[in-house]
Each structure stands twice: as structure tokens, then as C-alpha cells.
Amino acid sequence: MNAPTVVTATAEATPRARGFAMPAEFAPHDACWMLWPQRPDTWRYGAKPAQQAFVEVATAIAESETVFVGVNDEQYENARHQLPAHVRVVELSSNDAWMRDVGPTFLTHPDGRLAMVDWEFNAWGGLEGGLYFPWDKDRRIRTKIAEMLGIERFPAPVVLEGGAIHVDGEGTLLTTEECLLNPNRNPQYSRERMEDILHDYLGIEKVIWLPRGCHLDETDGHVDNLCCFVAPGEVVLSWCDDEADPQHALSREALEVLEATSDARGRPLRIHKLPQPGPLHIAEDEASGIDRLSSSHPRRPGDRMAGSYVNFYIGNSVVVMPLLDPARDDAARAILQDLFPDRRIIGVPAREILLGGGNIHCITQQQPRADLS
């Protein structure tokens, strides 16, 4: 294994110029990375219900690929006891458990090398709408994983979370204007400059800008809760038929953009609709079990949650989807099985994850297959 290298990007040394690019999530993986929930102002009842949900997600993904779970020191023995023996538990301190957003965006090279982009992170908005403070431990996670794997790390001059982007591995990237152009992320950058950065750091050719994410998504509209690639030229979109529901207009405007565009290779997109669960709201007993701290996002009884079946994880041989609504779980599962006929669809009860503000895709980060010898 090589020693990790920090690469200061220049016009000649951007990841793209060096031959690196971000592969699609449906491409082969070597591993999946997760973090262990314990924060009492995010997860109710000391995170015990959430920990059980995370165990089920890790166990399901581990059927398909190696799973690493990063754990704060004080929770190491507890996590090791709860997780299956074949899930690898490593000490990796964090402020919370959203590996998609605080973990690395992995890149691959045609020669088999693996690298990562190290984005800036400000807890989804910093002091202007962010979800907690501080985020110092989260900010170090990418550096630590680069050290563990011995791979190149490209620090990027932009605040960006992994859930804000989705790629097809063939030059196309999906994102939302609501998130990537939000003043609480990168107010100094225009849309054109942001596209240049995505081009240079991820090796993509075209950005498809959807206007907004899901209704009341506290991440400021992450695309991974609304729309994602399931194959080259094919996307799945969270859909709501109820015109009285605010999500209907958001899904409709996304559909109009998708129908009017093509991918980086000039193909029109094939769009598959996934029914929205719910609407889902926080119950009284669910809100009462959460610590109330001034430095974190409030969880109140009756608050609507941004539930979406699009927030699934694509593994090598499985797709792990959230079970959120008995009235719609089976329909969503059937659609996903049609889209992934060669993968087993595993549903995991995921309301406890949603109560924390995200779902299965948000708590996972794939490590693409590469030759690290």
C-alpha cells in the first residue's frame, strides 16, 4: 500500500487532468463506509433505536461487499457487540453519523488507482442554517480514511456534501440549484464556476440542474433524496400524485427538466417514478426522546419529514431500500426490483434513520473497486 498523498490541484494537476473520475454508484464496489449514531440531540433515546436500524443496514450491505463502520471511542465496544463479526468496526471519531456527506467522494483511474476528493464541510449551512455545531471531527474524516487506504486526496475549494451529487459514470452529474447554489455554501461562486469545479474534480462533462429537492429536506435539497441514476441514461424520481401536497410541484418541476434534457452522451433520459411515502410526520413520543440543544436542529411533534424511497443504496449484489410506509413499501420495492433485476432488494425499517434527518443513502458511502496494490 502506498503512502497517502495530498494533491494541491492546479490546472495541470486537477483530478480530471490526472485521469481520475467519479464512477457511478451502480459500478462495482470494494467496500461501503458508515458511521455509528450516538448523538442524543439527533437520535432519540440515546440513539438505541437508530443503532438497531444502522445494524440492519450494515448487515444487509455486508451480503454484497465489505462494510466499515467508524465509531467514536466511547461507543466502540457497544458497536462491536451489536454489529456482525464480518462488519469491520474502526475507531473514527465523528460529530454525527452521515457518512455520505462527511466521507470522501471516491475517484478511480483507468490504471486501477483510487483517490478521493476532500470537499469543505460546514454541517449543511454553517452558522447560517447549519444543523449542528461544531463539525470539527466530521471535517477530519476524509483525511483519516485517506491515511487508512493510502490513497491520494484532492482538497477542493468548495463546500459540498456527497448527497448533493449523483453521477452516471459516463460524464453526467445530477444536482439541485437549491443546494449547490445556496448562499450558505459557496456564495462566492457562480453557477458556471461551480460547473467548472465539478468538471475538474469529478471528471464529468455535463451538469443537470434540478431546481429544488424534496419538501422540507433540511439539507437544503440534496439530490439523493429526490432523483438518482439507476443505469446510464436512466433515473428514478420521487413522485407525488397529490396536487395539494407541496411535493407534487417539486417533483413536477424536476420531471420537466429531466424530460427536456439529455445526458453527456446525448441520450434522452428514461425516467422512472417512485411513489412518495406518507406524508410522514414526527410523533409526540418520537420528539420527546430527543435532547434539546441550542446547537442542533430541533425535532418537534408534528413536523413533516422528507421521506423518500429514492434514498436507497446500490450494492454489488443488493439494493438496500428504506421501509417507511406500509401502504407504499411493496409498490416501491417492486419498482426497484424491476430496475435492478440482477440485485436482491432488501427492505430495512428506516423510520428511525428518517427521524434523524436522512436515510439509507445518507448514512453510507461506496468505495469503488480499484487495484490498490
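Described in the following lines is the structure provided in the data block.

Reading guide: rules and limits
- Residues numbered from 1 in each chain as written.
- Predicted model: local features only at pLDDT ≥ 70, side-chain atom pairs only at ≥ 80, totals over all residues.
- Heavy atoms only, no water.
- Salt bridge = Lys/Arg side-chain N within 4 Å of Asp/Glu carboxyl O.
- Helix = DSSP H or I, 4+ residues; strand = E, 2+ residues; numbered from the N terminus.
- Buried < 20%, exposed > 50% of the residue type's maximum accessible area, 1.4 Å probe, protein only.
- 1 Å grid on protein atoms, 1.4 Å probe; cavity = no way out; pocket = protein on both sides within 12 Å on 5 of 7 lines; lining within 4 Å.
- Points joined across faces, edges and corners; volume = space filled by probe spheres on them.
- Nonpolar A, V, L, I, M, F, W, Y, C, P; charged D, E, K, R; others polar.
- Pairing = 2+ DSSP bridges.
- Axes fitted to C-alpha atoms, helices over the stretch in contact; angles between N-to-C directions.
- Contact = heavy atoms within 4.5 Å.
- Polar contact = N/O pair within 3.5 Å; in protein donor to acceptor, adjacent residues only side chain to side chain.
- Phe/Tyr/Trp six-rings, centres within 6.5 Å; stacked < 30°, edge-to-face > 60°.
- Lys NZ or Arg CZ within 6 Å of the ring centre and 35° of its normal.

Here the focus is the pattern of salt bridges. Close approach of charged atoms lets side chains of opposite charge pair. If you walk through the whole model with that rule in mind, you get 24 salt bridges. The closest approach of N and O atoms between Glu-152 and Arg-18, which form a salt bridge, is 2.6 Å. Of the two residues, Glu-152 is situated in strand β6 (residues 152–159) and Arg-18 in the segment before β1 (29–35); the sequence distance between them amounts to 134 residues. On the basis of relative accessible area, Glu-152 is assigned to the buried category, the value being 13%. When its relative accessible area of 27% is taken as the criterion, Arg-18 is described as partly exposed. The network of salt bridges with shared partners includes Asp-118, Glu-120, Arg-139, Arg-142 and Arg-153.

For the largest pocket, the calculated volume is near 450 Å³. For the largest pocket, the lining is made up of 34 residues, of which Leu-216, Glu-218, His-297, Arg-299 and Gly-357 are closest to its centre. Contributing elements (two or more residues each) for the lining of the largest pocket: β14 (304–305) and α10 (351–355). For the lining of the largest pocket, the class distribution of residues is 12 nonpolar, 11 polar and 11 charged.

Turning next to the sheet that holds β1. Reading across the sheet, the 4 strands line up as β3-β2-β1-β18 and stay open at both edges, with mixed pairing between neighbours. Edge positions in the sheet fall to β3 (88–91) and β18 (365–368), since each of these pairs with one other strand and no more. Taking each pair of neighbouring strands and ignoring which way they run, the sheet shows an average axis angle of 25 degrees. Both strand β2 (residues 66–71) and β3 contribute to a ladder of 4 bridges, which runs parallel. Residue pairing across strands places Phe-68 opposite Arg-88, the latter belonging to β3. Strands β1 and β2 of the sheet are contacted by helix α1 (residues 48–61), whose axis makes an angle of about 175 degrees with β1. Across the sheet, helix α4 (residues 136–149) lies against β1, β3 and β18, angled at about 140 degrees from β1, the strand it touches most.

What follows concerns the environment of Thr-219. Looking at the element boundaries, Thr-219 is found in the loop between β9 (206–210) and β10 (227–231). Under the relative-accessibility criterion, Thr-219 is labelled buried at 7%. Every residue in contact with Thr-219, bar those within four places of it in the chain, is listed here: Trp-124, Cys-179 and Arg-185. Here Asp-217 takes part through its side chain, which lies 2.7 Å from a polar atom of the side chain of Thr-219. Within the structure, Thr-219 has its side chain in polar contact with the backbone nitrogen of His-222 (distance 3.1 Å).

Moving on, we get to the environment of Arg-39. Following the sequence through the fold, Arg-39 ends up in the loop between β1 and α1. Residues Arg-39 and Glu-234, spaced 195 residues apart in sequence, show a C-alpha to C-alpha distance of 37 Å.

Counted according to the given criterion, the structure contains 9 aromatic pairs. Their ring planes at 85 degrees and their centres at 5.5 Å tell us that Trp-43 and Phe-54 sit as a pair that is edge-to-face. On the criterion of sequence distance, the pair formed by Trp-43 in the loop between β1 and α1 and Phe-54 in helix α1 is long-range, its members being 11 residues apart. With respect to burial, Trp-43 and Phe-54 carry one shared label: buried. Ring centres of Phe-133 and Trp-135 lie 5.5 Å apart, and the angle between their planes is 85 degrees; on these two criteria the pair is classed as edge-to-face. The exposure class of Phe-133 is partly exposed, given its relative accessible area of 48%. Among the aromatic side chains, those forming a connected cluster through ring pairs are Trp-43, Phe-54 and Trp-98. Between the NZ or CZ atom of Arg-39 and the centre of the ring of Tyr-132, over which it lies, the distance is 4.3 Å. Here Lys-273 stacks its cationic end above the ring of Trp-239, 4.0 Å away from the centre of that ring.

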